[in-house]
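For reference, the chains in residue letters:
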Amino acid sequence: MDKLASLLHTSPATAWMVVKVIIVFSAVMLLASVWTWVERRGSAMIQDRIGPNRAALFGKIRIIGLAQLLADGIKFFFKEDLVPAEANKGLFWLAPFLAFVPALMGFAIIPFGRSLVSGGVTYHLSVLDPGNGMGMLYPLAIGGMAVYGVLVAAWSSNNKWSILGGMRASATMVSYEIGISLAVIAIFMSANGYDPSDVIKAQGHTPWTWFVVRQPLGFLVFFTCMFAETNRLPFDFAEGESEIVAGFNTEYGSMKFSLLALAEYSHLMTASALIATLYFGGWQVPFVKDPTVMLSVASFVLKLLFFAWVFVWVRWTLPRFRYDQLMHMGWKVMLPLSMANLVFHAWRMSQGH
Amino acid sequence: MGVIVKKVELTWLDRTYVWPVLQGMAITFGHFIRNLFTTTPNRYTVQYPEMKREIPDGYRGLHELKRFEGGEIKCVACFMCQEACPARCISIEAEEFSDLNITQGFQEKRPAKFSIDMLRCICCGMCEEACPKDAIWLRKDYELAAYDRLSMQYGKWDLMNTYSDADGKAHINQDPTPSVPRRTIAL
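Residues numbered from 1 in each chain as written. Chains lettered and ligands numbered in written order. Predicted model: local features only at pLDDT ≥ 70, side-chain atom pairs only at ≥ 80, totals over all residues.

J.: Quick rundown of the overall build of chain B? Include the residues and the values.
T.: Scanning chain B for helices and strands turns up 6 helices and 6 strands. When its helices and strands are written in sequence order, chain B yields α-α-β-α-β-β-α-β-β-α-α-β. Summarising the internal contacts of chain B: among those between residues at least 6 apart in sequence, 72% fall at separations of at least 24. (Helix = DSSP H or I, 4+ residues; strand = E, 2+ residues; numbered from the N terminus. Contact = placed C-beta atoms within 7 Å.)

J.: Give a description of the overall build of chain A that names residues and reports values.
T.: Along chain A, the regular secondary structure elements total 13 helices and 2 strands. Over its C-alpha atoms chain A spans a radius of gyration of 21 Å, differing by no more than 12% from the 20 Å that the globule rule assigns to 353 residues. Once the C-alpha set of chain A is aligned to its principal axes, its extents read approximately 60 × 55 × 45 Å. Out of the 353 residues in chain A, the part that is buried amounts to 43%. When contacts within chain A are restricted to residue pairs at least 6 apart in sequence, long-range pairs at least 24 apart make up 75% of them. (Rg over C-alpha atoms; globule rule 2.2 N^0.38 Å. Buried ≥ 20, exposed ≤ 12 C-beta atoms within 10 Å, placed from the backbone.)

J.: So, the environment of A:Phe307: which residues are in play, and what are the values?
T.: Among the structural elements, A:Phe307 can be located in helix H12 (residues 293-315). Beyond its immediate stretch of four places on either side in the chain, A:Phe307 contacts A:Ser272, A:Ile275 and A:Ala276.

J.: How would you sum up helix H13 (residues 323-350) of chain A? Please name residues and give values.
T.: Residue and element names in this part refer to chain A. Its 28 residues place the ends of H13 39 Å apart at the C-alpha level, agreeing with the 40 Å of an ideal helix rising 1.5 Å per residue. The principal kink in H13, of about 35 degrees, is found at Met-329. Inspection of H13 places Leu-326, Met-329, Gly-330, Met-334, Ser-338, Asn-341, Leu-342 and His-345 among the buried residues, and these make up the whole buried set. Positive backbone phi, approximately 90 degrees, marks Gly-352, located one or two places after H13. (Expected span 1.5 Å × (residues − 1). Bend = angle between axes of the 7 residues up to and from the residue.)

J.: How would you explain the interface of chain A and chain B if you had to name every residue and give the values?
T.: In this assembly, 12 residues from chain A lie in contact with 14 residues from chain B. Of the residues contributing to the side of chain A that touches chain B, the split by class is 8 nonpolar, 2 polar and 2 charged. (Nonpolar A, V, L, I, M, F, W, Y, C, P; charged D, E, K, R; others polar.)

J.: I'd love a proper account of the nonpolar core, names of residues and values included.
T.: Within the largest apolar cluster, 80 residues are counted, with the highest numbers of intra-cluster contacts made by A:Ala99, A:Val150, A:Ala153, A:Phe222, A:Met269, A:Ile275 and A:Leu278. Contacts of A:Ala99, omitting those with residues within four sequence positions, involve A:Ala146, A:Gly149, A:Val150, A:Ala153, A:Leu260 and A:Ala263. Core analysis: the next-biggest nonpolar cluster, separate from the first, contains 22 residues, B:Val76, B:Ala94, B:Cys127 and B:Leu159 among them. (Core = buried A, V, L, I, M, F, W, Y, C linked by C-beta atoms within 7 Å.)

J.: If you had to explain the pairing of strand E3 (residues 109-117) of chain B to someone new, which residues and values would you point to?
T.: Residue and element names in this part refer to chain B. Relative to E3, strand E2 (residues 90-97) runs antiparallel, the two sharing 7 bridges. Paired with Glu-95 across the bridge in E3 is Arg-110. Across 2 bridges, E3 lies against strand E5 (residues 153-154) in antiparallel orientation. Bridge assignment links Ile-116 to a residue of E5, and that residue is Tyr-154. (Pairing = 2+ DSSP bridges.)

J.: Give me the lowdown on the packing of helix H9 (residues 216-229) of chain A against H13(A), citing residues and values where you can.
T.: Relative placement of two packed helices is described by the angle separating their axes and the distance separating the axes. All names here are of chain A. Contact pair H9 / H13: the axes reach a minimum separation of 9 Å and the direction vectors enclose 145 degrees. Once H9 is placed against H13, the crossing between them reads as left-handed. Each of Leu-217, Gly-218, Val-221, Thr-224, Cys-225 and Ala-228 in H9 lies in contact with H13, whose residues at this interface are Gly-330, Met-334, Leu-337, Ser-338, Ala-340 and Asn-341. Within the contact of H9 with H13, the residues separate by chemical class into 7 nonpolar, 5 polar and no charged. (Axes fitted to C-alpha atoms, helices over the stretch in contact; angles between N-to-C directions. Left-handed = near helix turned anticlockwise from the far one by under 90°.)

J.: Just give me the short version of the environment of A:Pro336, but keep the residues and values in it.
T.: Residue and element names in this part refer to chain A. Looking at the secondary structure, you find Pro-336 in helix H13. Its 13 C-beta neighbours within 10 Å are what place Pro-336 among the partly exposed residues. Spatially, the C-alpha atoms of Pro-336 and Ala-271 are 22 Å apart, while their sequence positions differ by 65 residues.

Just geometry here; none of it tells us what the structure is for.
The structure is reproduced here in structure tokens:
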């Protein structure tokens, strides 16, 4: 690290920061793009189909269809970049970034491995070091920002279908965020702090002390709300072919569309990272008291990938909700459940547990 | 008359929605695992250019004009198939030929030209049904494609050789006996 810092003419802290940012965000973006392939192949497996397996590098190397990513990327890159005549041009251009950046930013707070000490300096494996004062409030706030990407994309397209999709999506996100917040508050109480490292430390290395076991109701609410938050099935109200064409991205094409799609998958990655951190012990390795750094990173990545797969799995299992059912569930089921969870754990803590 | 709608009574377990969701996810996961460990040839999907379905008997694909062992065409140019064809894709020009003998089944008439417009043909098999001599068959070749329209006009010699390779027969491109040049009959 010191060598790199002297190469870049910066302090080791800055160099470490740069390395972290590059590794974390490129990994998330790579995973997000790979997940488009996982989604398609996984759905094919679930539905007894085969899925994209034809795309090949140089027309020869098929690698089980992974080249489809490249083919899709190239195709999107070379498509004509249409902007509708009546669209609000500035916002139309801005919207994909508004969707993409918050989806990635939420990941910054997540510790993806235990801190390592090298040469008397502690290096934290998260982009934002613990004790920054924002803690888990940060991804929640950034998650709130994600509404703007969808809504701005919808509104700037100047299209009825788009605006309907955008309105529905933003209403969904806003109403489910309350459930998320209340579920997370119960965790903050139990963890005695809202910094992710506090939350992870409070969970320990045994699976039965993880918050998924200690607060199953909260987990259920949080998990369900995350689907609404990431705008994925069964709550994908931003789009819907049978109702509102393609919803908020009806007017989008080429790289802008691809960025919106990537934003969805990055959001998925961030959401699974949040689930893993809050309820499944983050980088804690089950039954290993002091895991090595590599082991803890591997544990975290495995958890992350598993929950990302669960998002895909659920999408191809459950039918969509109707919009009124969604609102019913958000306000009349999720909110009371998370409140009950909060009150129950507050009561338990008052009893000295 | 009213229809009695059967209402499904949900148990409290079903009402929670969580348990049915888990059941559904178990089903999809079962499918996923089963497909993950099934090799591609054993899946339901037929990977077309590499794998092909077995064509059932009685399939109506590309036509063949049948021939006798000596290479003489079975067709007697009776125009029945042309009449029967709902797509009007068959056009025949008949001719007479001189040397009658027993191997040719006492024919004295045969098509000088026999063409099928494959762009129009609907592979209905009516020509096969109509043929009194069993001279035209619809068989199993279904990959009919060409880069230009002219290639889809199948002539007499094309049709006689459509399955030569598949059956291991010789390609022929002329009748064993010459025709009488004076008389050609066209409908």
